Amino acid sequence: MGFINRRVEQFNERTTQAAQRGPRYHGADNDPRYPSPRELRTFAAVTVDVLLHFGVAFAVAADIENVLFAVLVGVIAYIAASFVHTVLFQRFFGATLGKLLFGVVVIRGVDGRRPTLWNLLRAFFFRAFLAVFGLLADGSIDYDTYGDFLSIVRSRDVRALRTRQPTTWNYPQQGYPPQPHSHLRPPR
C-alpha cells in the first residue's frame with residue numbers, strides 16, 4: 001500500500017503544479033476563460049454527428065443487393081459524410097450540426113480562434129488514425145481527439161470572451177456598419 005500511496009501523492013502533486021501553471025492551451029480543462037461545463041454537451045453533439053454519418057451511409061447502401069458491396073459502399077459513404085461534415089461544413093459554419101444543436105464550438109488551442117482548414121484536416125486524419133490503430137493499442141494512446149491543436153468549448157464562453165476583448169485591442173471602435181477610413185480625421 002505504501003507504493004500506491006506514494007503514486008497517489010505524486011499524481012496529486014503534479015496535478016496541483018499543473019493547475020498553478022495555468023492552462024496549456026485555450027479550452028484546456030483548467031482554463032478560466034472557458035468556465036462552462038461542456039462534457040455532456042460534447043458527448044451529445046458527437047453522438048448526433050455520428051448518427052448523422054451512419055444515416056447517410058445507410059441511405060446510400062440500403063438499396064444494394066450484394067451484402068459485401070453494400071458494406072464497402074456504406075463504409076466509404078460514412079467516411080465521405082464524416083469528411084464533408086466535420087471538415088468542410090465545420091469550416092464554413094463554425095461547428096457541425098450536432099455542435100450547433102448543443103451549443104459547443106471548436107477553437108484552436110493556440111489562440112482561441114476558429115480553426116483553419118488545415119487544423120480541421122489534421123483533426124480528421126488524427127481521428128482516423130485513432131480509429132484504425134486505437135484498436136491495436138494497449139491503452140497507451142491518449143484518446144483526447146483534438147489534443148493541443150483544437151478544443152471543444154461552449155459557444156457562449158467564446159461569445160463572452162470576444163465581447164470582452166475589444167477593450168484591449170489597440171484600434172478605435174467603429175460603429176456598424178463600419179465606414180471606410182473612419183479612423184482618419186475628416187477633411188477641413
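Every value quoted in this text rests on a predicted model; they were computed, and no experiment measured them.

Caption draft 1: Structural view of the packing of helix 2 (residues 39-61) against helix 3 (residues 67-93). With their axes 8 Å apart at the nearest point, helix 2 and helix 3 run at an angle of 140° to one another. As summarised for this structure, helix 2 and helix 3 are arranged oblique, according to the angle between their axes. The handedness of the crossing between helix 2 and helix 3 comes out as right-handed. Across the interface between the two elements, D49, V50, L52, H53, F54, V56, A57, V60 and A61 of helix 2 pack against A70, V73, G74, A77, Y78, A81, S82, H85 and T86 of helix 3.

Caption draft 2: Focus on the nonpolar core. Counting 10 residues, the largest nonpolar core is built from A45, V87, V104, V106, L120, A123, F124, F149, L150 and I152. Considering each element in turn, this core owes the most residues, 3 residues, to helix 5 (residues 117-133). Contacts of L150, omitting those with residues within four sequence positions, involve V106, I107, R108, G109, P115, N119, L120 and A123. One finds Y34, I107, V153 and V158 within the second-largest nonpolar core, a separate group that totals 7 residues.

Caption draft 3: Structural view of the packing of aromatic side chains. Across all of its chains, the model carries 4 aromatic pairs by this definition. Ring plane angle 80° and centroid distance 5.3 Å describe the contact between F83 and F124, whose orientation is recorded as edge-to-face. In this pair, F83 is assigned in helix 3 and F124 in helix 5, connecting sequence segments 41 residues apart. For F83, a relative accessible area of 26% puts it in the partly exposed group. Look at F124 and F125: their rings are 5.4 Å apart centre to centre, the planes differ by 80°, and that puts the pair in the edge-to-face class. Judged by relative accessible area, F125 falls into the exposed class, the value being 51%.

Caption draft 4: Structural context of the pairing of strand 1 (residues 104-108). In terms of burial, strand 1 is largely enclosed, as 5 of its 5 residues are buried. Residues V104, V106 and R108 of strand 1 are buried on one face, and the alternating residues V105 and I107, pointing to the opposite face, are buried as well. Note that strand 1 and strand 2 (residues 150-154) share 5 bridges and pair antiparallel. The residue bridging I107 from the neighbouring strand is S151, located in strand 2.

Each value, and the rule that gives it
- Residues numbered from 1 in each chain as written.
- Predicted model: local features only at pLDDT ≥ 70, side-chain atom pairs only at ≥ 80, totals over all residues.
- Heavy atoms only, no water.
- Axes fitted to C-alpha atoms, helices over the stretch in contact; angles between N-to-C directions.
- Helix = DSSP H or I, 4+ residues; strand = E, 2+ residues; numbered from the N terminus.
- Parallel < 35°, antiparallel > 145°, perpendicular 65-115°, else oblique.
- Left-handed = near helix turned anticlockwise from the far one by under 90°.
- Contact = heavy atoms within 4.5 Å.
- Core = buried A, V, L, I, M, F, W, Y, C linked by side-chain atoms within 4.5 Å.
- Buried < 20%, exposed > 50% of the residue type's maximum accessible area, 1.4 Å probe, protein only.
- Phe/Tyr/Trp six-rings, centres within 6.5 Å; stacked < 30°, edge-to-face > 60°.
- Pairing = 2+ DSSP bridges.

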